[in-house]
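So you can see what is in the structure, the chains are spelled out below.
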Amino acid sequence: EAGVAQSPRYKIIEKRQSVAFWCNPISGHATLYWYQQILGQGPKLLIQFQNNGVVDDSQLPKDRFSAERLKGVDSTLKIQPAKLEDSAVYLCASSPMTSFNEQFFGPGTRLTVL
Amino acid sequence: AQSVTQLGSHVSVSEGALVLLRCNYSSSVPPYLFWYVQYPNQGLQLLLKYTSAATLVKGINGFEAEFKKSETSFHLTKPSAHMSDAAEYFCAVSGNTGNQFYFGTGTSLTVIP
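Quantities reported herein were computed from a predicted structural model and do not represent experimental measurements.

Draft legend 1. Broad picture of the overall build of chain A. Counting secondary structure elements, chain A contains zero helices and eleven strands. Mapped from its N terminus to its C terminus, chain A presents α and β elements in the order β-β-β-β-β-β-β-β-β-β-β. Against the 2.2 N^0.38 benchmark of 13 Å for 114 residues, chain A shows a C-alpha radius of gyration of 13 Å, consistent with a compact globule. Dimensions of chain A, computed from the C-alpha atoms along their principal axes, are close to 35 × 25 × 25 Å. Burial status across chain A gives 46% buried among its 114 residues. Contacts in chain A between residues far apart in sequence, at least 24 positions, make up 53% of those at least 6 positions apart. For chain A, the accessible surface area stands at approximately 5,400 Å², while carbon and sulfur atoms represent 52% of it.

Draft legend 2. Structural context of the interface of chain B and chain A. Across the boundary between the two partners, chain B contributes 21 residues, which contact 24 residues of chain A. Of the roughly 1,700 Å² buried between chain B and chain A, counting both surfaces, carbon and sulfur atoms make up 51%. Area buried by chain B at its contact with chain A is led by Leu44, Phe101 and Phe103 of chain B, which between them contribute 26% of it. Counting the contacts that link chain B with chain A gives zero salt bridges. The interface formed by chain B and chain A includes two residue pairs in polar contact (both at pLDDT 80 or more). Broken down by element, the residue count for the side of chain B that touches chain A peaks at four residues, all from strand β4 (residues 32–38) of chain B. A per-class count over the side of chain B that touches chain A returns nine nonpolar, eleven polar and one charged.

Draft legend 3. Here's a closer look at the sheet that holds strand β7 (residues 64–68) of chain B. All names here are of chain B. Spatial strand order, β1-β3-β8-β7-β6: five strands in an open sheet with antiparallel pairing. Edge positions in the sheet fall to β1 (3–7) and β6 (56–58), since each of these pairs with one other strand and no more. Across the sheet, the mean angle separating the axes of adjacent strands is 20 degrees when strand polarity is ignored. Summarising the sheet, strand β3 (residues 19–26) and strand β8 (residues 73–78) pair through four bridges and their orientation is antiparallel. Within the sheet, the bridge partner assigned to valine 19 lies in β8 and is lysine 78.

Draft legend 4. Fine view of the packing of aromatic side chains. This structure, assessed with the given rule, holds 14 aromatic pairs over all chains. The interplanar angle of 85 degrees and the centroid separation of 5.4 Å between the aromatic rings of tyrosine 35 of chain A and phenylalanine 103 of chain B together place this pair among those described as edge-to-face. In this pair, tyrosine 35 of chain A sits in strand β4 (residues 31–37) while phenylalanine 103 of chain B sits in strand β10 (residues 102–103), so the two residues belong to two different chains. Taking the relative accessible area as the measure of exposure, phenylalanine 103 of chain B reaches 11% and is therefore buried. Each residue in the set Tyr33, Tyr35 and Phe105 of chain A together with Phe34, Tyr36, Phe90 and Phe103 of chain B is aromatic and connected to the rest through ring pairs, giving one cluster.

Draft legend 5. How the structure looks around the pattern of salt bridges. Summed over all chains, the structure comprises four salt bridges over all chains. The residue arginine 64 of chain A makes a salt bridge to aspartate 86 of chain A at a minimum N-O spacing of 2.5 Å. Placement of arginine 64 of chain A in the loop between β6 (53–56) and β7 (65–68) and of aspartate 86 of chain A in the loop between β8 (75–79) and β9 (88–95) is noted, with a sequence separation of 22 residues between them. Its relative accessible area of 11% is what places arginine 64 of chain A among the buried residues. Between aspartate 85 of chain B and lysine 78 of chain B there is a salt bridge; the shortest N-O distance is 2.9 Å. Side by side, aspartate 85 of chain B and lysine 78 of chain B carry an identical accessibility label, which is buried.

Rules behind the numbers
- Residues numbered from 1 in each chain as written.
- Chains lettered and ligands numbered in written order.
- Predicted model: local features only at pLDDT ≥ 70, side-chain atom pairs only at ≥ 80, totals over all residues.
- Heavy atoms only, no water.
- Helix = DSSP H or I, 4+ residues; strand = E, 2+ residues; numbered from the N terminus.
- Rg over C-alpha atoms; globule rule 2.2 N^0.38 Å.
- Buried < 20%, exposed > 50% of the residue type's maximum accessible area, 1.4 Å probe, protein only.
- Contact = heavy atoms within 4.5 Å.
- Areas by Shrake-Rupley, 256 points an atom, 1.4 Å probe, with all protein chains shown as cover.
- Buried area = accessible area lost by both parts, 1.4 Å probe.
- Salt bridge = Lys/Arg side-chain N within 4 Å of Asp/Glu carboxyl O.
- Polar contact = N/O pair within 3.5 Å; in protein donor to acceptor, adjacent residues only side chain to side chain.
- Nonpolar A, V, L, I, M, F, W, Y, C, P; charged D, E, K, R; others polar.
- Pairing = 2+ DSSP bridges.
- Axes fitted to C-alpha atoms, helices over the stretch in contact; angles between N-to-C directions.
- Phe/Tyr/Trp six-rings, centres within 6.5 Å; stacked < 30°, edge-to-face > 60°.

Next comes the structure, spelled out in structure tokens:
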């Protein structure tokens, strides 16, 4: 069974530029999560989708971050414009149902904002 | 609201010694609790989870954790550390609605040969 795929694995941009990350969850998983993991900290949930609907985006900085999950399968997370403090690893995870089931994580995208 | 606190950002143990990683939670509802492990440059992998069944939960790689409601704790243990256990460990909590998933700040485990 293929795992959660993320691309790119690494991205370096200048501040005020835009960037987008892509995630393809495990086939059949209804729930998809995006996390931000700043160096030395635990992952912080940014947004949770159930199929193509948003379940929780309370910690998403909506003035610059956006995410979509068209057709309830893969998802993109966008930052526009990026700030220095957005430097982090962005993790995508998927789950067959809700959080009390195991979340399967992708390898992450490491973003560096200069 | 839920949160978790992991005591000790770095823990060092000798190979073969007991591993104890501490996690305390705060939750206004019966929580679901999880331990994840993260190896360098990799995503997180679930070690074990508590979902209101047995209070002693056994996970992969010989790890286990005990849910103690009176102490609001969910500490992770392993009787004998292996070199391969060196990694970052995260405790996490979610509410029983399945939303509001929160991770702790992590504990880096070093195993000394």
